[in-house]
Amino acid sequence: MKTLEGIVPELKIYKRHLFLNSLIYKSIFKIQSTILKASRDFLYDKGFIELVAPVIAPVTDPGIREAREIETRFYGEKAVLVTSAILYKLAGLKIHDKIFYVAPNIRIEPISISDFSTRLSEFRQIDIEAAYTDREGLISLSEEFLIYIIDKVKKERKEELDMLSRDIKIPKRPFRRIRFDDAVEIASEEGYGLDSSGELSKEAEKYISMIHNEPFWIIDYPAKIRGFYYKKIDSEHLLDMDLIYPEGFGEAASGGEREIDPLKVRDRMLETGVDPRRYIWLFELLYDGLPPCSGIGFGLERLTRYITGIRDIIDATLFPKAPGYLGL
Ligand code: ASN
């Protein structure tokens, strides 16, 4: 994997302005621009419209695994920075049946001074939501979406991919699917386990990603460890999915079919340790009526990292905020 060899990560974060004219960054961010344009072209072509997500809110998505929210004040009132646009995706369906945001997500992830490869505290999701669509429909749309983007980048950014020595293959559909419980077993055979939130540990996910050479899905996550907005498939598992990149690149996207019955959403909140009193507006939205829907969010920086083949996620965003590193 190509990286900006020889430059310590602290300099790449705190002195980013001094590196912006390097050929590597020029190539990466021209490719990222093509990824964004291709995403929008693909989604508009499928009947989606783009909406604009908020940055600060009274309440946000608590389904963020090991991470925490940033609490702040807004004119004396308690507020949080948005961790994901999921709740606004649901609300956005009142405007149109197929919507997406390219939304900023702010999450206090655990600090790691030895690994800048996969996590940022500020990142963007190409966050998609579709009414009258089940998990199957979303899986199919997402596979097409990824293939479309890779194809566009290969056609329009050949020079930049060559500069990065990246020869990325166009994946073949349908992508493989593995149930979460089976993924845990595959990882445990090699001695990898779960993290403190009950997710596959970073190492476990990396290992499973490493033994694949095509993107694949992990489906049916345990109900207790993921957002209250996912619908259950049985008493312990969700109708959800993560897309995982091959070659060790790890998680690409998370999504699933939504629970839209207010009483069941409340049960899911209790099951995941969330206080229903904080989400009155969501209950009102649900009682007002939402169509059955599904959604997924693709991390823009992780998509950029995978397509460019670079090692570190801090090189896949222009002004990185690595966990604990404010940068510029
Ligand atoms: N984007 C995810 C979804 O659509 C939610 C998340 O990022 N936590 O389900």
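Residues numbered from 1 in each chain as written. Predicted model: local features only at pLDDT ≥ 70, side-chain atom pairs only at ≥ 80, totals over all residues. Heavy atoms only, no water.

Trainee: Sorry, what's going on with a nonpolar patch on the surface here?
Mentor: Residues Val55, Ile56, Phe74 and Tyr75 make up a contiguous nonpolar surface patch of roughly 450 Å² in combined accessible area. Topologically, Ile56 is positioned in strand β2 (residues 56-57). (Patch = residues over 30% accessible without salt bridge, like charges linked within 9 Å, V, L, I, M, F, W, Y side chains within 5 Å. Areas by Shrake-Rupley, 256 points an atom, 1.4 Å probe, with all protein chains shown as cover. Salt bridge = Lys/Arg side-chain N within 4 Å of Asp/Glu carboxyl O. Helix = DSSP H or I, 4+ residues; strand = E, 2+ residues; numbered from the N terminus.)

Trainee: Would you explain the side chain of Glu69 in this entry?
Mentor: The topology assignment puts Glu69 in the loop between β2 and β3 (71-74). Buried within the structure, Glu69 lacks any salt-bridge partner; Arg278 is the closest side chain of opposite charge, at an N-O distance of 4.1 Å. With residues near it in sequence (within four places) discarded, Glu69 still touches Thr60, Asp61, Pro62, Ile64, Val80, Thr83, Ile108 and Arg278. (Buried < 20%, exposed > 50% of the residue type's maximum accessible area, 1.4 Å probe, protein only. Lys, Arg positive; Asp, Glu negative; His and termini not counted. Contact = heavy atoms within 4.5 Å.)

Trainee: Just to check I follow, could you spell out the site of the ligand for this structure?
Mentor: Taken together, 15 residues surround the ligand, and among them Asp61, Lys89, Gln125, Tyr230 and Arg258 come closest. Here an oxygen atom of the ligand and a side-chain polar atom of Arg258 are 2.8 Å apart. Alone, the ligand offers 270 Å² of accessible surface; in the complex the protein occludes 96% of this. Elements with a minimum of two residues in the shell around the ligand: β6 (122-131), β10 (250-257) and β11 (293-299). (Near = heavy atom within 4 Å. Polar contact = N/O pair within 3.5 Å; in protein donor to acceptor, adjacent residues only side chain to side chain.)

Trainee: Hey, could you run me through the nonpolar core in this one?
Mentor: In globular proteins that are soluble, nonpolar side chains generally tend to be buried together. Core analysis: the largest hydrophobic core is formed by 46 residues, its most contacted members being Ile128, Phe298 and Ile307. When residues in this core are grouped by element, the largest group, 10 residues, is from helix α2 (residues 23-45). Apart from residues lying up to four places away in sequence, Phe298 is in contact with Arg124, Gln125, Ile126, Ile128, Ser142, Phe145, Leu243, Tyr245, Ala252 and Ala253. Ranked by size, the runner-up nonpolar core spans 30 residues in total, among them Ile86, Ala223, Tyr279 and Cys293. (Core = buried A, V, L, I, M, F, W, Y, C linked by side-chain atoms within 4.5 Å.)

Trainee: Explain unusual backbone geometry here, please?
Mentor: Negative phi characterises most residues that are not glycine, and trans characterises most peptide bonds. The amide bond that connects Arg173 to the next residue, Pro174, takes the cis arrangement and shows omega of -10 degrees. Within the secondary structure, Pro174 is located in the loop between α5 (158-163) and β7 (176-179). With a phi angle near 60 degrees, Arg65 is a residue other than glycine that sits in the positive phi range. With respect to the helices and strands, the residue Arg65 is situated in the loop between β2 and β3. A residue is classified by how much of its surface remains accessible, and Arg65, at 29% relative accessible area, is partly exposed.

Trainee: Got a minute to help me understand the sheet that holds β3 in this structure?
Mentor: Strand pairing in a sheet is mediated by backbone hydrogen bonds. Such pairs are either parallel or antiparallel. Spatial strand order, β2-β4-β3: 3 strands in an open sheet with antiparallel pairing. The open sheet has two edge strands with one neighbour each: β2 and β3. Taken together, the 4 bridges between β3 and strand β4 (residues 77-81) define a ladder with antiparallel strand orientation. Bridge pairing in β4 links Thr72 to Ala79. (Pairing = 2+ DSSP bridges.)

Trainee: Mind showing me how you'd approach the packing of aromatic side chains here?
Mentor: The description of an aromatic ring pair uses the distance of the two centres, along with the angle that the planes make with each other. All chains considered together, the criterion is met by 16 aromatic pairs. Ring centres of Phe116 and Tyr325 lie 5.2 Å apart, and the angle between their planes is 85 degrees; this geometry places the pair in the edge-to-face category. Taken together, the positions of Phe116 in the loop between β5 (98-106) and β6 and Tyr325 in the segment after α10 (300-308) put the pair 209 residues apart, joining distant regions of the chain. For Tyr325, a relative accessible area of 8% corresponds to the buried category. Every member of this aromatic cluster is reached through a ring pair, and the members are Phe42, Phe145, Tyr148 and Phe298. Taking NZ or CZ as reference, Arg226 lies 3.7 Å from the ring centre of Tyr221, over its face. (Phe/Tyr/Trp six-rings, centres within 6.5 Å; stacked < 30°, edge-to-face > 60°. Lys NZ or Arg CZ within 6 Å of the ring centre and 35° of its normal.)

Trainee: How should I be thinking about the packing of helix α8 (residues 262-271) against helix α9 (residues 280-288) in this particular structure?
Mentor: Helix-helix packing is characterised by the crossing angle of the two axes and by the distance between the axes. At a minimum axis distance of 9 Å, the contact between α8 and α9 shows a crossing angle of 150 degrees. Our classification of the angle between α8 and α9 gives roughly antiparallel. Two secondary-structure elements touch here, α8 through Pro262, Leu263, Val265, Arg266 and Met269 and α9 through Leu282, Phe283, Leu286 and Tyr287. Of the residues that constitute the contact of α8 with α9, the class distribution is 8 nonpolar, no polar and 1 charged. (Axes fitted to C-alpha atoms, helices over the stretch in contact; angles between N-to-C directions. Parallel < 35°, antiparallel > 145°, perpendicular 65-115°, else oblique. Nonpolar A, V, L, I, M, F, W, Y, C, P; charged D, E, K, R; others polar.)

Trainee: Please clarify how a negative patch on the surface should be interpreted in this entry.
Mentor: Where like charges cluster on the molecular surface, the negative patch consists of Asp181, Asp182, Glu185, Glu189, Glu190, Asp234 and Glu236. With respect to the secondary-structure elements, Glu190 resides in the loop between α6 (180-189) and α7 (202-210). Overall, the relative accessible area of 48% leaves Glu190 in the partly exposed class. (Charge placed at Lys NZ, Arg CZ, Asp CG, Glu CD.)

Trainee: Sorry if this is basic, but what is going on with the environment of Phe74 here?
Mentor: Its location among the elements puts Phe74 in strand β3. Not counting the four nearest positions on each side in its chain, Phe74 is found in contact with Ile56 and Ala79.

Trainee: Explain the sheet that holds β11 to me, please; I cannot follow it from the model alone.
Mentor: The 8 strands are arranged β1-β5-β6-β11-β10-β9-β8-β7 in an open sheet whose pairing can be described as mixed. Every interior strand has two partners, whereas the edge strands, β1 (49-50) and β7, have only one. Strands β6, β7, β8 (216-219), β9 (240-245), β10 and β11 of the sheet are contacted by helix α4 (residues 135-156), whose axis makes an angle of about 30 degrees with β11.

Trainee: I'm lost on the pairing of β5 in this one. Help?
Mentor: The side chains of a regular strand alternate between the sheet's two faces. Most of β5 is tucked away: 7 of the 9 residues are buried. Pairing geometry for β1 and β5, over 2 bridges, is parallel. Each bridged residue has a counterpart across the sheet, and for Glu50 the counterpart in β5 is Phe100. Strand direction decides the pairing type here: β5 and β6, joined by 9 bridges, are antiparallel.

No statement about biological role is implied by the geometric values presented.
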